[in-house]
Amino acid sequence: MNSKFKAVFVYNFTRYFDWPEHKRNGNFIIHVIGKNDNLISELKQLASKKKVGNQDIEIKNTSTFENSGAHIYYVIGESTKITSDVASKTKGKGHLVIGETPGSCKQGASINFITIDSKLKFEYSKNNAVKAGLKTNDDFKALAITLD
C-alpha cells in the first residue's frame, strides 16, 4: 500500500515544479535507484495512464546511480548512502532528488518521505531544490514539512 501512495505522491510532485526548458521535451524520466519491485510496478502502472504535461512518463530502475538525464531520481531506502552523491552530480541541472530515510534532505535530497503517526508525509528542502535548479510555488511548501 505504501508503494501506491509513494507513486501517486511522486506523480503529483511533477505538477508543482517548474522544470527547466531543456527538460520539457522527450519523455519525462523517473529513475529509481535501488530495489523496490512494488514501487516500480506502481510507477509503471501510473506511467501507462498519465503524462506530465505532454510528455510520456518513462520509468528506469538501476541498483546504482547512472546519470540518465532523469527529471526525478528516487533513492530507495537501502541506497541512501548515495543520496549525497546523486545530489552533487545532478546539482544545477534541473533534477529532483527524492529520498526515503531520515536525513535524506541533509544529504541533498529536495524531498524525503517520512512516516508520522502511521501516515506517509514528506519533508521538503526548498534550498536543495533551488541548488538543483528547480523552482516551485509556495502552495507546495504548504503541503510539506518544511526544513528551510
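Residues numbered from 1 in each chain as written. Predicted model: local features only at pLDDT ≥ 70, side-chain atom pairs only at ≥ 80, totals over all residues. Heavy atoms only, no water.

Draft legend 1. Just the overall build of the protein chain, in detail. Regarding its fold elements, the protein chain presents five helices and ten strands. For the protein chain, the C-alpha radius of gyration of 14 Å lies close to 15 Å, the compact-globule estimate for 148 residues. With respect to the principal axes defined by its C-alpha atoms, the protein chain has extents near 35 × 30 × 30 Å. Counting every position in the protein chain, which comprises 148 residues, the buried fraction comes to 50%. A fraction of 62% describes how many contacts in the protein chain between residues 6 or more apart in sequence connect residues 24 or more apart. (Helix = DSSP H or I, 4+ residues; strand = E, 2+ residues; numbered from the N terminus. Rg over C-alpha atoms; globule rule 2.2 N^0.38 Å. Buried < 20%, exposed > 50% of the residue type's maximum accessible area, 1.4 Å probe, protein only. Contact = heavy atoms within 4.5 Å.)

Draft legend 2. Layout of the sheet that holds strand 8 (residues 119–124). Strands sit in the order 3-4-2-5-6-7-8-10 across an open sheet of eight strands; the sheet is mixed. Looking at strand neighbours, the two that pair on one side only are strand 3 (51–52) and strand 10 (145–146), the edges of this open sheet. Of the strands in this sheet, strand 2 (28–33), strand 3, strand 4 (55–62), strand 5 (72–75), strand 6 (96–99), strand 7 (111–116) and strand 8 are in contact with helix 1 (residues 2–13), which crosses strand 8 at around 35°. Its contacts with the sheet place helix 2 (residues 37–49) against strand 2, strand 4 and strand 5, and it is angled at close to 165° to strand 4. (Pairing = 2+ DSSP bridges. Axes fitted to C-alpha atoms, helices over the stretch in contact; angles between N-to-C directions.)

Draft legend 3. Examining unusual backbone geometry more closely. At Asp117, a residue that is not glycine, the phi angle is positive and equals roughly 50°. With respect to the element layout, Asp117 can be found in the loop between strand 7 and strand 8. The backbone of Ser118 shows a phi angle near 65°, a positive value even though the residue is not glycine. Mapped onto the elements of the fold, Ser118 is located in the loop between strand 7 and strand 8.

Draft legend 4. Main features of the packing of aromatic side chains. In this structure the tally under the stated criterion is 15 aromatic pairs. Taken together, a centroid distance of 5.7 Å and an interplanar angle of 75° make the contact between Phe9 and Phe122 edge-to-face. Pair noted here: Phe9 is in helix 1 and Phe122 is in strand 8, with a separation of 113 residues, a long-range link. Residue Phe122 is classed as buried on the basis of its relative accessible area, which comes to 5%. Ring centres of Phe122 and Phe140 lie 5.4 Å apart, and the angle between their planes is 25°; this geometry places the pair in the stacked category. Highlighted residues: Phe122 in strand 8 and Phe140 in helix 5 (residues 138–143), separated in sequence by 18 residues. With respect to burial, Phe122 and Phe140 carry one shared label: buried. (Phe/Tyr/Trp six-rings, centres within 6.5 Å; stacked < 30°, edge-to-face > 60°.)

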